[in-house]
Amino acid sequence: MDFEDLMELSRDSYVSQFASFIEKQQALHDKGSAEVKFQLSDQSGLYRRLYCADYASGGEGGQIVEMTPDEEVSFDPISVSLGELEMTVQRLNWHDVTLTLEGEALPPDAFAEWFETWFDPEDVNTDWDFEIFQPRPFAAA
């Protein structure tokens, strides 16, 4: 199996689990929404201080609930070449990516384009018509 197939398998597994997770949260909470983005304090250490909660419930005792996938794709480490980038992929977990670089660290701006596309801080790449993104009002009706 090549790297692209592994990526697709990992993504599909995660999306399926995420849809089930959101359905469960919506059944548990009268009010709430999937993928709620927050601006954090300067001390957060996250890129651009932005965080996306998997689900935020509203009303009294509102809370943030994060999904922990029950399964992930398992495989032997593979070597991948992407242009000038040579990497070894040891684990592929769609909801949690850790990059370990050898040599000089990249400047934070090196991730700007990726961040705009995949974190999508302005929600321009989200299909809001997709059922799991239909928010339930936080305010009392």
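Cut-offs used in this document
Residues numbered from 1 in each chain as written. Predicted model: local features only at pLDDT ≥ 70, side-chain atom pairs only at ≥ 80, totals over all residues. Heavy atoms only, no water. Helix = DSSP H or I, 4+ residues; strand = E, 2+ residues; numbered from the N terminus. Buried < 20%, exposed > 50% of the residue type's maximum accessible area, 1.4 Å probe, protein only. Areas by Shrake-Rupley, 256 points an atom, 1.4 Å probe, with all protein chains shown as cover. Phe/Tyr/Trp six-rings, centres within 6.5 Å; stacked < 30°, edge-to-face > 60°. Lys NZ or Arg CZ within 6 Å of the ring centre and 35° of its normal. Patch = residues over 30% accessible without salt bridge, like charges linked within 9 Å, V, L, I, M, F, W, Y side chains within 5 Å. Salt bridge = Lys/Arg side-chain N within 4 Å of Asp/Glu carboxyl O. Lys, Arg positive; Asp, Glu negative; His and termini not counted. Charge placed at Lys NZ, Arg CZ, Asp CG, Glu CD. Pairing = 2+ DSSP bridges. Contact = heavy atoms within 4.5 Å.

1. Some remarks on the overall build of the chain
Inference 1: Broken down by element type, the chain carries 2 helices and 5 strands.
Inference 2: Secondary structure elements in the chain, listed N-terminal to C-terminal, are α-β-β-β-β-β-α.
Inference 3: Going through the 141 residues of the chain one by one, you find that 29% of them count as buried.
Inference 4: For the chain, the computed accessible surface area is about 10500 Å², with 50% contributed by carbon and sulfur atoms.

2. Side note on the packing of aromatic side chains
Inference 1: Evaluated as defined, the whole model comprises 4 aromatic pairs.
Inference 2: Relative to Phe-115, the ring of Tyr-47 lies with its centre 4.8 Å away and its plane at 75 degrees, an arrangement referred to as edge-to-face. In this pair, Tyr-47 is assigned in the loop between strand S1 (32–39) and strand S2 (50–57) and Phe-115 in helix H2 (residues 112–118), connecting sequence segments 68 residues apart.
Inference 3: When the ring of Phe-115 is compared with that of Phe-119, the centres are 4.7 Å apart and the planes differ by 5 degrees; the resulting orientation is stacked. Side by side, Phe-115 and Phe-119 carry an identical accessibility label, which is buried.
Inference 4: Across the ring face of Phe-119, the terminal group of Lys-37 is positioned such that the distance to the ring centre comes to 5.2 Å.

3. A closer look at a negative patch on the surface
Inference 1: Taken together, Asp-2, Glu-4, Asp-5 and Glu-8 make up a surface patch of like negative charges.
Inference 2: By the secondary structure assignment, Glu-4 is in helix H1 (residues 3–28).
Inference 3: Residue classification places Glu-4 among the exposed positions, given a relative accessible area of 62%.

4. A look at the pattern of salt bridges
Inference 1: Taken as a whole and judged by the stated rule, the model has 5 salt bridges.
Inference 2: In this structure, Arg-48 and Glu-116 form a salt bridge, with 2.4 Å as the shortest nitrogen-oxygen distance. Here Glu-116 lies in helix H2 and Arg-48 lies in the loop between S1 and S2, a separation of 68 residues in the sequence.

5. Details of the pairing of S2
Inference 1: In terms of residue burial, S2 counts as a mostly covered element, since 6 of its 8 residues are buried.
Inference 2: As defined by bridge partners, S1 adjoins S2 across 7 bridges and the pair is classed as antiparallel. Pairing of Phe-38 across the sheet is with Tyr-51, part of S2.
Inference 3: Hairpin connection, S2 to strand S3 (residues 64–65): the antiparallel pair is bridged by 6 residues, and Gly-59 has positive phi, about 80 degrees.

6. Considerations on the side chain of Gln-17
Inference 1: Along the chain, Gln-17 turns up in helix H1.
Inference 2: Take Gln-17: its relative accessible area is 14%, and that puts it in the buried class.
Inference 3: Excluding its chain neighbours within four sequence positions, the residues that come into contact with Gln-17 are Met-67, Pro-69, Asp-70 and Glu-71.

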